[in-house]
Amino acid sequence: MIFKLGHSINQQVNLLDNKEIELFIKREDEIHPFVSGNKYRKLKYNLHEAKKKGFKTLLTFGGAFSNHIAAVASAGHLLGFKTIGVIRGEELENKISDNDTLSFAKQNGMAFKFVSRELYRDKTSQAFLDKLKDAFNDFYLIPEGGTNTLAVKGCEEILTKEDETFDYICCAVGTGGTISGLINCSKLGQQVLGFPALKGDFLRQDISKFVTKTNWDLVTDYHFGGYAKINEELVSFINQFKNRYAIPLDPVYTGKMMFGIFDLINKGYFKKGSKILAIHTGGLQGIKGMNSVLKNKNLAIIE
Ligand SMILES: *Cc1c(COP(=O)(O)O)cnc(C)c1O
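Residues numbered from 1 in each chain as written. Predicted model: local features only at pLDDT ≥ 70, side-chain atom pairs only at ≥ 80, totals over all residues. Heavy atoms only, no water.

- An unreviewed UniProt entry annotates the protein as Pyridoxal-phosphate dependent enzyme of Flavivirga amylovorans.
- According to the UniProt record, the Cofactor (unreviewed entry) comment for the protein reads "pyridoxal 5'-phosphate".
- Recorded in UniProt for the protein, the comment headed Sequence similarities (unreviewed entry) runs: "Belongs to the ACC deaminase/D-cysteine desulfhydrase family." (UniProt positions renumbered as here; feature names shortened; annotations may be inferred.)

Section: the UniProt feature "domain: Tryptophan synthase beta chain-like PALP" (unreviewed entry) in the protein
In step 1: Here the UniProt feature "domain: Tryptophan synthase beta chain-like PALP" (unreviewed entry) sits at residues 19-282.
In step 2: Note that residues 19-282 is 39% helix and 18% strand, and that its end C-alpha atoms are spaced 27 Å apart. (Helix = DSSP H or I, 4+ residues; strand = E, 2+ residues; numbered from the N terminus.)

A look at the packing of helix H1 (residues 38-52) against helix H2 (residues 67-79)
In step 1: Where H1 meets H2, the axes come as close as 11 Å, and the angle between the chain directions of the two elements is 45°. Taken together, H1 and H2 sit at an angle that is classed as oblique. Considering how the two elements wind past one another, H1 and H2 form a crossing that is right-handed. The residues of H2 that touch H1, namely those facing Lys-39, Leu-43, Leu-47 and Lys-51, are Asn-67, His-68, Ala-71, Val-72, Ala-75 and Leu-79. (Axes fitted to C-alpha atoms, helices over the stretch in contact; angles between N-to-C directions. Parallel < 35°, antiparallel > 145°, perpendicular 65-115°, else oblique. Left-handed = near helix turned anticlockwise from the far one by under 90°. Contact = heavy atoms within 4.5 Å.)

With respect to the pairing of strand S5 (residues 110-115)
In step 1: Where strand S4 (residues 82-88) and S5 come together, six bridges link them in parallel fashion. Within S5, the position partnered with Ile-87 by the bridge is Phe-114.
In step 2: Read from S4 through helix H3 (residues 100-107) to S5, the crossover connection turns out right-handed. (Pairing = 2+ DSSP bridges. Right-handed = clockwise from strand over helix to strand, strands pointing away.)

Things to note about the nonpolar core
In step 1: Counting 38 residues, the largest nonpolar core has Leu-23, Phe-195, Phe-241, Met-258, Ile-261, Phe-262 and Phe-270 as the members making the most contacts within it.
In step 2: For this core, the elements supplying multiple residues, two or more each, are strand S2 (22-27), strand S7 (168-173), strand S8 (191-196), helix H9 (232-245), helix H10 (254-266), strand S10 (275-280) and helix H11 (286-296).
In step 3: Broken down by element, the residue count for this core peaks at seven residues, all from H10.
In step 4: Excluding its chain neighbours within four sequence positions, the residues that come into contact with Leu-23 are Gln-11, Gln-12, Val-13, Leu-15, Met-258, Ile-261, Phe-262, Ile-265, Ile-276 and Ala-278.
In step 5: Counting residues in each nonpolar core, the second largest holds 26 residues, with Ile-31, Leu-47, Phe-81 and Ile-96 among its members. (Core = buried A, V, L, I, M, F, W, Y, C linked by side-chain atoms within 4.5 Å. Buried < 20%, exposed > 50% of the residue type's maximum accessible area, 1.4 Å probe, protein only.)

Looking at the environment of Pro-248
In step 1: Note on placement: Pro-248 falls in the loop between H9 and H10.
In step 2: Once the C-alpha coordinates of Pro-248 and Gly-282 are considered, the two residues, 34 residues apart in sequence, prove to be 9.2 Å apart.
In step 3: When near neighbours in sequence (up to four residues on either side) are disregarded, Pro-248 contacts Arg-27, Lys-242, His-280 and Leu-284.

Some thoughts on the domain arrangement of the protein
In step 1: On domain assignment, one finds that the protein holds domain 1 (10-34 + 158-296) and domain 2 (38-146).
In step 2: Domain 1 and domain 2 are separated by 26 Å when their C-alpha centres are compared.
In step 3: Domain 1 puts 16 residues into the contact, and the matching count from domain 2 is 16 residues.
In step 4: A combined buried area of about 1,400 Å² lies between domain 1 and domain 2, and 53% of that area is made up of carbon and sulfur atoms.
In step 5: Among the residues domain 1 hides against domain 2, the three largest losses belong to Ile-31, Phe-34 and Gln-285. Together they make up 35% of the total.
In step 6: Where domain 1 touches domain 2, the interface holds one salt bridge.
In step 7: Between the two partners, domain 1 and domain 2, sit six residue pairs in polar contact (both at pLDDT 80 or more).
In step 8: Among the elements that make up the side of domain 1 that touches domain 2, the one with the highest residue count is H11 (five residues).
In step 9: Here the side of domain 1 that touches domain 2 is built from residues that sort into five nonpolar, nine polar and two charged. (Domains from an automatic or database assignment. Buried area = accessible area lost by both parts, 1.4 Å probe. Salt bridge = Lys/Arg side-chain N within 4 Å of Asp/Glu carboxyl O. Polar contact = N/O pair within 3.5 Å; in protein donor to acceptor, adjacent residues only side chain to side chain. Nonpolar A, V, L, I, M, F, W, Y, C, P; charged D, E, K, R; others polar.)

Some remarks on the site of the ligand
In step 1: In the neighbourhood of the ligand, 15 residues make up the surrounding shell, with Lys-39, Lys-42, Thr-175, Thr-178 and Thr-281 lying closest.
In step 2: Between an oxygen atom of the ligand and a side-chain N or O atom of Thr-178, the distance comes to 2.7 Å.
In step 3: Taken by itself the ligand offers 380 Å² of open surface, and the protein chains cover 98% of this.
In step 4: Residue assignment for the shell around the ligand shows that the elements contributing at least two residues are H1 and helix H7 (177-185).
In step 5: Looking at which element gives the most residues to the shell around the ligand, the answer is H1, with three residues.
In step 6: Of the residues belonging to the shell around the ligand, the class tally is two nonpolar, eleven polar and two charged. (Near = heavy atom within 4 Å. Areas by Shrake-Rupley, 256 points an atom, 1.4 Å probe, with all protein chains shown as cover.)

A few points about the sheet that holds S2
In step 1: Read from one edge of the open sheet, six strands run S1-S2-S10-S7-S8-S9, paired in mixed fashion. If you trace the sheet from one side to the other, it starts and ends with strand S1 (10-13) and strand S9 (216-218), each paired once. Strand-to-strand twist across the sheet, computed as the mean angle between neighbouring axes with direction ignored, equals 25°.
In step 2: Pairing analysis gives six bridges linking S7 to S8, with the strands arranged parallel. The residue bridging Ile-169 from the neighbouring strand is Val-192, located in S8.
In step 3: Where H7 meets the sheet, it contacts S7, S8, S9 and S10, and its direction lies at approximately 175° from that of S8.

Below is the structure:
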């Protein structure tokens, strides 16, 4: 990749009231300010492939606050691809300037096609894709959330040799691409725990398509009511975590995962002496948008 990347280090999170567990967080959010965390990992081989095959345009899908949309727009801009975002929700068409993620994507040259929720649900149908081909000619298609085989391959590079000493690898789960890569590169004896950021039983099947190992599980108690749903307890946890450790968490994914890890530690879920590595998958661009929503509801915001 020809744009400059930062370092992803393992930072210790000192558990002041628990000396029996060691917790580290892998700062994948520091890889790049906009193509951050797992979105960089998931795009890496897809962008190589698009370039190799001579595509000039990337097309992908996402919602109004999507980290993936922001990452594709930024990476496309940096690497000289045109980008098209098919966005869920027709009503957003006239509200781009009110939405931080879409404004950012637009500044990075992304063109949008806004579609109704019904059409969006149908976005993988051949009829819909044919219509997009008619409208935009040739493009390299990146699925919603960026998950495909090449994305999983990129996520297999998150763990390094030094991470082999961890007993648990934890990550937030959206479409399951990131955890699939982590499972594939995990070692025998390591347990990979995914914390879904949304409700739904389809995830286990989706992940099973990409992995053959069985050393993983999903902890489904920390979705906070569904995708991008949050409450005051979560906001307050994210703010306390940042005050204590100087590490920002995002409200949609990493905040929920870390809340879950802390809760499980308090409940004695991890065996004594365990070393846990939590993956900070990034997503910090989403804080601004979430804060607009919180402000409108007169609720405390993420600091
Ligand atoms: C997209 C995203 C995820 C989910 O990744 P999947 O590969 O879709 O499971 C997790 N964390 C952050 C910060 C994300 O932006």
